[in-house]
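Results of the structural survey
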Amino acid sequence: MNWKEAIESKYEGESSILNVLNGDELTPFTEIIWRVSQEAFESPKEIQVVIDDNDELFMSVGTASFVDFPHDMDGGMKLPIKCWIHTHPMGKAYWSGTDMRTLKSWHPLMKSAIVLGYREHQTWQKFDRQMKHVRYAHTKYLENPLHIEKTTNPKGSGNEVEKVIE
Ligand SMILES: [Zn+2]
């Protein structure tokens, strides 16, 4: 399967994100997003996954920020967004300046957000505006190695996004 199918296969509905947001846990869903970010391409890439109000997943690779996401939204995203998830392939999970601007501009239409790093994540929820940072011993839900096709030239990530923008 390709990387998008691999991520889809681990999405078990809202519990996949609620256990992260409220239970401070890693789930198979967030673990596979991190692993894809690290392992599915020739070099680590930023992955973004947006869960819309219909529980549909919209995914992109190598985008600099959510602001760039509308190019991929032709499929008809149902607002509000349940969760915006992205990885920081360098490993540190924090809200960067770009991320803060994204949260600020999207918060009327976004319920929650998660940034994934190496054995850590940070979450944001609209209802209390609280940001939580969580570290964990790596919980291994997934097999080693991942059985996904390597993508050598991911769509939407030309040379100009080889630099890591957090
Ligand atoms: Zn970020």
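So, how was this worked out
Residues numbered from 1 in each chain as written. Predicted model: local features only at pLDDT ≥ 70, side-chain atom pairs only at ≥ 80, totals over all residues. Helix = DSSP H or I, 4+ residues; strand = E, 2+ residues; numbered from the N terminus. Buried ≥ 20, exposed ≤ 12 C-beta atoms within 10 Å, placed from the backbone. Contact = placed C-beta atoms within 7 Å. Pairing = 2+ DSSP bridges. Axes fitted to C-alpha atoms, helices over the stretch in contact; angles between N-to-C directions. Right-handed = clockwise from strand over helix to strand, strands pointing away. pLDDT = per-residue confidence, 0-100.

Looking only at helices and strands, one finds four helices and six strands in the protein. Secondary structure elements of the protein occur, N-terminal to C-terminal, as α-α-α-β-β-β-α-β-β-β. Looking at the protein as a whole, 32% of its 166 residues are labelled buried. A sequence separation of at least 24 residues applies to 64% of the contacts in the protein between residues at least 6 apart.

A few words now on the sheet that holds strand 4 (residues 112-117). Reading across from one edge, 2-1-3-4-5-6 is the order of the six strands in this open sheet, with mixed pairing throughout. Bordering the open sheet on either side are strand 2 (57-61) and strand 6 (131-135), each of which pairs with just one other strand. Strand after strand, the sheet turns through a mean of 15° between neighbouring axes, direction not considered. Two elements, strand 5 (residues 120-125) and strand 6, share five bridges in a ladder whose sense is antiparallel. Along strand 6, the bridge assignment pairs E120 with R135.

Now for the pairing of strand 4. The element strand 4 is largely enclosed, with a buried count of six among its six residues. Burial along strand 4 is two-sided: the residues S112, I114 and L116 and A113, V115 and G117 are all buried. As judged from the four bridges shared by strand 3 (residues 83-87) and strand 4, these two strands associate in the parallel manner. Among the inter-strand pairings, H86 is bridged to a residue of strand 4, identified as V115. With helix 4 (residues 97-106) bridging strand 3 and the parallel strand 4, this β-α-β connection has right-handed handedness.

Let us look at unusual backbone geometry. Cis rather than trans, the peptide bond between L79 and P80 has omega equal to 0°. If you trace the backbone, P80 turns up in the loop between strand 2 and strand 3. In this structure, the amide linkage connecting N144 to the following residue, P145, adopts the cis form with an omega of -10°. Structurally, the position occupied by P145 is in the segment after strand 6. Positive phi is not limited to glycine here, since D55 has a value of about 65°. Structurally, D55 is set in the loop between strand 1 (47-51) and strand 2. One non-glycine residue, R119, adopts positive backbone phi at about 55°. Structurally, R119 is set in the loop between strand 4 and strand 5.

A word on the environment of E120. Mapped onto the fold, E120 is located in strand 5. Apart from residues no more than four positions distant in its own chain, E120 is found in contact with A93, H133, V134 and R135.

Another aspect to go through is the confidence of the model for the protein. A residue-level look at the protein finds 84% of positions with pLDDT of 70 or above and a mean pLDDT of 85. Of the regions scoring below 50 in pLDDT, residues 157-166 engages in twelve contacts with residues more than four places distant in sequence or in other chains.

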